[in-house]
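Architecture and fold: a report
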Amino acid sequence: MSPAGRPDRRIWRDTRAEAAEEIAFHLEMRARDFRERGMSAADADAAARRRFGNVETISRQVRAIDDESARQKRRTGMWTDFRQDVIYALRGLRRAPSFTAVAVLTLALGIGANTAIFSVINTALLRPLPYADGDRLVFVWNVRDSGQTDNLGPGRMLDLQRGATGFSGFAGIAHISYTLTGAGDPERIPGSSVSSSFFDVLGARPLLGEPFHTNAADPSAVVLSHALWKRRFGADPSIVGRTIALNGRPRVVLAVMRPDFFWPSITARPGASPGPELWVPGGPGDIPRTAIDEDRDMTGNRNAGYLRAVARLKPGVTVAQARAEMGALGDRISRDHPGDGGRSATALAIRDQFFGPVERPLFVLAGVVTLVLAIACANVAGLLLGRGAARRRDLALRRALGATRFRIIRQLLTEATVLSCAGAVAGLALAWWGSTALSAMAPADFIGDQPLHLDVRVLAFALAVSVVCGLAFGAVPALQLSRDALAGALAEGGARSSGSRRAGRARDVLVAIEIAVAAVLLVGSTLFVNSFLRLTRVDVGLDTHNLITFDVNLTGERAQFQAKQVQFYEALQQRLAQVPGVRAAGAAATLPIGGDDFGTGFLPEGYPVPDEASVPRAGYQVVAPGYFAAMGITIKAGRDVRASDTREAAPVALVNEALAREIWPGQDPLGKRVKFDSTETAWTTVVGVVSDIRHLGPSVPPRPEIYQPDSQRSFPFMAFVVRTGPDPYSVIPSLRRAVAELDPTLPLAGLKTMDEHLERSLSKPRFLSTLVAVFGVLAVTLALVGIYAMMAWSVSERRQEFAIRLALGARSPLLVRMVLRKALLLAGAGLIAGLVAARAATGVLTGLLYGIRPTDPAAFAATAGVIALVALAACYVPVRRALRVSPVSLLR
Amino acid sequence: MTDRTTSVDLLQGTLATLILKSLSWGPLHGYGIARWIEQITDDELLVEEGSLYPALHRLQAREMVSSQWTISETNRKVRCYSLTEQGRQQLRAELSRWEKFSVAVSRALSARRPSKVV
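Residues numbered from 1 in each chain as written. Chains lettered and ligands numbered in written order. Predicted model: local features only at pLDDT ≥ 70, side-chain atom pairs only at ≥ 80, totals over all residues.

**A short note on the overall build of chain A**
Regarding its fold elements, chain A presents 24 helices and 23 strands. Taking 29 Å as the expected radius of gyration for a compact globule of 892 residues, we find that chain A reaches 39 Å, considerably beyond that expectation. Summarising its shape, the C-alpha atoms of chain A cover approximately 135 × 90 × 55 Å along the three principal directions. Taking as baseline every contact in chain A between residues at least 6 positions apart, the subset at least 24 positions apart corresponds to 81%. (Helix = DSSP H or I, 4+ residues; strand = E, 2+ residues; numbered from the N terminus. Rg over C-alpha atoms; globule rule 2.2 N^0.38 Å. Contact = placed C-beta atoms within 7 Å.)

Pasting the structure below:
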């Protein structure tokens, strides 16, 4: 009995039938033996069974052993196969170092770009909010007649707080900056005055001490942020209970918040720029204090709109329900109290409030890097196909030796995944470097002041991306080559087979796709770069060079009376003007480009105002004499504000040309009169017209502005501007000395040049356009490499053909035409597909672009030109090579 | 019956070695192995022949033996077992261990009474 059949290597077997068969044979043989010794057939069967033992038990045992062993084999089999594949793949990659280097570098660029952008998204959008159940928090906003959201007044806020049924907690917030004195230079510190319930609503726990609680707040208490505690108090562990001086009054430190407690400055426009560093309880009636930190009772005040509010939803209440309730409640309050600055109210989920405006730019970036990765994958798929062409014999041999098609596909996919993991490792290195650069470059409202880091989530992302990529770019060649192997490439002697033609077609498609994707990205980057260049060339209406700005905030008695404020400002301005190197000095309550923004409604004399909603609005500026000259804003008609425009004199104002054009077209605005409020008795007379500026930054066109003299209306805060010679920074020490001579306890906040403000206002478009441009160039470069590799391969495959043609007398130009025709056909097809796709896709960029439409024909034309040039350039070397074919060497 | 079961239990571990030995001359089916053991042990060892099969399949799971389905001389489907290289090594190891063991035991059993130490 010799082992005739093939070894039994089936994985799935019917162990029950096999055991039964085996035992039946045994019993039969034994019974036959017994019969031969003379037993009757029935006795022999019974004796055989007796001798065997319990057939059922033994059969069960045998089956259990077989099943368990089969299970184990499957497990270890898969693992060893996998290990084998990995080792095999690594060996193969080591043998082809230039292929490996190009593929890994390509993937590293693609995966690295994705990982770096994901690290920004991870920090900006996915980070957990450091509040208990943070997604149950909403912000409550006033809705103005214009439909814009705005701050609440105390009366309105209390009405909403009392009327709401959907909230389990509610806290008002006011931003005030505080002057911290004692222990070092006086410093202005952004802070918040908040309702006593603030920390309870957020559910935020402190690092040290215990913050104030709902209806139990010592009015002289303060809670510090971790950053402030570290910076200003050297992380002193015994800080709790100590008294510090804020705005000249003593406050007791109650608690220090944890380092991850993140609370941005809350504005009616969503955003998450770095926020307050200390929190104090509200004033009388638990209402957050106004900017000058006085003890006035604001309960029921309906004129001052300076409050933000955060609320916690009751269990089961959705954000939409809260928004509906606030809307209805706001409508009713507006009917009961007309003219308290609002038409309705609304609620906004905390994530939308914090991260809403950065979502779209980040998603655009994510889309861009995904496309770059797609090109990288197509490139590597092409490389693998080309490499596979050379390996057809090897794979066919493996098929012949018994490997299944599934096994070969699995091996090729493992190879691709190994390659892509190698790419991911290199990509992570790139991403690590890139995220450092991104940290420095990202605008503050993207990531706050947190550094980007590659945490577990980012690593998991990179791993997932690389596996998905491996499967994606491995699939095409794996399916292709395994089918090829099936066709029996062993017999093939080296001539072009149907398999290699198929691989060539697959590769042509890949190249066309690559060109299409590159075209989409190139259109996008052209649009962004164009938009950014236009932004930087915008004339904002003032001379931003050599202009220093800083803020002054008055505290104490000096802040309480407008006369004293103005007196101080005048004295300071005079001193500044005398500093050597200073050419002019001026002051305004709010600065253009990056400063705060006040607006006002106004009623021009004789101007029809049918209802409250049609009251014209303008930006509202309070300026000191000399401000326009210092800023480089031209007075087009009339005069500047003067010190003689006192509160006792007739109220005057200047307007800009935009306002004059809109309200008094074709008329002389000088001498026209306006009121700011229908209850005002005195008219304000226009005494001057100034040139337009872009107060909100380069991207927002000039709007109507009204300027009033600070001597008639002033605030306890003022921004100063100082025009200097060519080196503004050299003047700064003297400016500091000048201020200190006047008042050593006065901190200089926000000391920056106007150019720096301008830079900052451009940081978001610069960030976006730089990244999109970098990725666009990257995409085109990768596409170039892809086309080059494709052409090189196709030329090398046709070398024999070329040689024959040359030998038969074909002229070189004909060969060049043949090669170029193919390349240009592919490029043309890809380009058309890409431009069509871009036309459909660039719509998402509306609102992110300045001064250029997403369908700008020039951008599309430029893209077409560049892609055509790139396709031609990629053909240069392969064509040269085709022409250098020596007929003799190849025909042999 | 009782004393025979005991001896079977004692010898059960040896069954695996016996199976390997039976296959050392060439492939056999389960019944063939049973017959061989029967002949060389005078029918003493396998009270219940069925117990051979779990032992065989366990050896197969440990890759000491492999099996193929073939057609017997009676023209019937039958499973034949043969020794693998691993099984051959195992048999060699068992034999040398058994030899050492039996030498040591027989030396011990034939030893004379130790002389008294003063």
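**So, helix α3 (residues 52-61) of chain B**
All names here are of chain B. Residues of α3 that are buried: L52, Y53, L56, H57, L59 and Q60. Taken down its axis, α3 places every buried residue within 155 degrees of arc, on the same side. Residue E63 follows α3 closely and has a positive phi angle near 60 degrees. (Buried ≥ 20, exposed ≤ 12 C-beta atoms within 10 Å, placed from the backbone. Arc of directions from axis to C-beta.)

**Structural notes on the pairing of strand β3 (residues 77-83) of chain B**
Residues and elements named next belong to chain B. When you tally the buried positions in β3, you get five out of seven residues, the bulk of the element. Alignment of strand β2 (residues 65-71) against β3, held across seven bridges, turns out to be antiparallel. Counted as the bridge partner of Q68 is C80 from β3. (Pairing = 2+ DSSP bridges.)

**Observations concerning the sheet that holds β3 of chain B**
All names here are of chain B. Taken in spatial order, the three strands of this open sheet run β1-β3-β2, and their pairing is antiparallel. Strands at the two margins of the open sheet, each flanked by one partner only, are β1 (28-29) and β2. Inspection of the sheet shows β1 paired to β3 by two bridges, in the antiparallel sense. Pairing of H29 across the sheet is with C80, part of β3.

**Thoughts on the packing of helix α1 (residues 15-36) of chain A against helix α3 (residues 55-95) of chain A**
Residues and elements named next belong to chain A. It is at 9 Å that the axes of α1 and α3 come closest, and there the two elements cross at 135 degrees. By the angle class used here, α1 and α3 are oblique. Along this stretch, α1 crosses α3, giving a crossing that reads as right-handed. Contact residues: T15, R16, A19, A20 and I23 in α1; V55, I58, S59, V62, R63, D66 and D67 in α3. Each residue belonging to the contact of α1 with α3 can be placed in one class, and the counts come to six nonpolar, two polar and four charged. (Axes fitted to C-alpha atoms, helices over the stretch in contact; angles between N-to-C directions. Parallel < 35°, antiparallel > 145°, perpendicular 65-115°, else oblique. Left-handed = near helix turned anticlockwise from the far one by under 90°. Nonpolar A, V, L, I, M, F, W, Y, C, P; charged D, E, K, R; others polar.)

**A word on the nonpolar core**
All names here are of chain A. Formed by 111 residues in total, the largest nonpolar core has its most connected members in V372, I375, A518, A519 and A779. The residues that make up this core include at least three from each of domain 2 (96-129 + 357-494) and domain 4 (497-540 + 758-892). Sequence-distant contacts of V372, that is, excluding residues within four places in its chain, are made with G110, A113, L521, F775, L778 and A779. With 58 residues, the next largest nonpolar core counts F568, F602, F720 and V731 among its residues. (Core = buried A, V, L, I, M, F, W, Y, C linked by C-beta atoms within 7 Å. Domains from an automatic or database assignment.)

**Things to note about the confidence of the model for chain A**
Predicted confidence across chain A gives a mean pLDDT of 84, with 92% of residues reaching 70 or more. Note on residues 1-11 of chain A: pLDDT under 50 across the span, and 20 contacts to partners over four residues away in sequence or across chains. (pLDDT = per-residue confidence, 0-100.)

**Things to note about α1 of chain A**
With 22 residues, α1 of chain A should reach 32 Å at 1.5 Å per residue; the first-to-last C-alpha distance of 32 Å fits that figure. Every buried residue of α1 of chain A is accounted for by A19, E22, H26, M29, R30 and A31 of chain A. Buried residues in α1 of chain A make contact with α2 (41-52) and α3 of chain A together with α2 (30-40) and β3 of chain B. After α1 of chain A finishes, the residue G38 of chain A shows a positive phi value of roughly 105 degrees. (Expected span 1.5 Å × (residues − 1).)

**A closer look at the interface of chain A and chain B**
In this assembly, 24 residues from chain A lie in contact with 24 residues from chain B. The set of elements that each furnish at least two residues to the side of chain A that touches chain B consists of α1, α2 and α3 of chain A. Residue composition of the side of chain A that touches chain B, grouped by class: 12 nonpolar, six polar and six charged.

**Let's talk about unusual backbone geometry**
All names here are of chain A. The backbone phi angle of D133 is positive, close to 55 degrees, even though this residue is not glycine. Within the fold, D133 resides in the loop between α4 (97-126) and β1 (137-143). Judged by local crowding, D133 falls into the exposed class, with 12 C-beta atoms found within 10 Å. Its identity is not glycine, yet N215 carries a phi of approximately 55 degrees, on the positive side.

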